[in-house]
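Here is how the chains run, residue by residue.
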Amino acid sequence: MSITLEGTIQHVPMGTGTWALETANGEQYELHQNTPQDLLQVGQKVKVQGKIRDDVMTLAAIGPVLEVSSFEKIG
C-alpha cells in the first residue's frame, strides 16, 4: 500500500549512519537503501510517496523502513 508523507530529510548517526524522513509530528522513517541520491540532503523539506517495507531489517532500527517511489521538494 502506498503512503504519502511530508517531512525533513535527516542523517542519523545511528549504527553505521542512515538517512531518515522526520515528519512534523516527530515520526521518523528510515529511508530504504535505494533512495534517489538527490533526495538525500540534510534539512531538505519534501513530500514523498512510497511504501513501508516490513520485510527489511536495518542496523539503525530508528523506525519503519520507507521505500521512496517519488518525491518533490517543498517550501
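Residues numbered from 1 in each chain as written. Predicted model: local features only at pLDDT ≥ 70, side-chain atom pairs only at ≥ 80, totals over all residues. Heavy atoms only, no water.

Caption draft 1: Representation of the overall build of the protein. Per the secondary structure count, the protein includes 0 helices and 5 strands. Starting at the N terminus and ending at the C terminus, the protein contains elements arranged as β-β-β-β-β. Here the C-alpha radius of gyration of the protein, 11 Å, is about what a compact globule of 75 residues would show, namely 11 Å. Seen through its C-alpha atoms, the protein measures out along the principal axes to roughly 30 × 25 × 25 Å. Burial statistics for the protein: of 75 residues in total, 36% are counted as buried. Within the protein, contacts between residues separated by at least 24 positions form 54% of all contacts whose residues are at least 6 apart in sequence. (Helix = DSSP H or I, 4+ residues; strand = E, 2+ residues; numbered from the N terminus. Rg over C-alpha atoms; globule rule 2.2 N^0.38 Å. Buried < 20%, exposed > 50% of the residue type's maximum accessible area, 1.4 Å probe, protein only. Contact = heavy atoms within 4.5 Å.)

Caption draft 2: How the structure looks around the environment of T8. Checked against the element boundaries, T8 lands in strand β1 (residues 3-12). Ignoring any residue separated from it by four or fewer positions in sequence, one finds T8 in contact with A20, L21, E22, G43, Q44 and K45. Here K45 takes part through its side chain, which lies 3.2 Å from a polar atom of the side chain of T8. (Polar contact = N/O pair within 3.5 Å; in protein donor to acceptor, adjacent residues only side chain to side chain.)

Caption draft 3: Spotlight on the pattern of salt bridges. All told, the structure shown has 2 salt bridges when counted by the stated rule. Put simply, R53 and D55 hold a salt bridge, and the shortest N to O gap is 2.8 Å. Take D55: its relative accessible area is 57%, and that puts it in the exposed class. With a closest N to O distance of 2.9 Å, R53 and E67 form a salt bridge. Placement of R53 in the loop between β4 (45-52) and β5 (65-73) and of E67 in strand β5 is noted, with a sequence separation of 14 residues between them. (Salt bridge = Lys/Arg side-chain N within 4 Å of Asp/Glu carboxyl O.)

Caption draft 4: Expanded view of the side chain of R53. One polar contact links R53 to H32, side chain to side chain, over a distance of 3.5 Å. For R53, the side chain forms a polar contact with the side chain of D55, separated by 2.8 Å.

What is shown is where atoms sit, not what they do.
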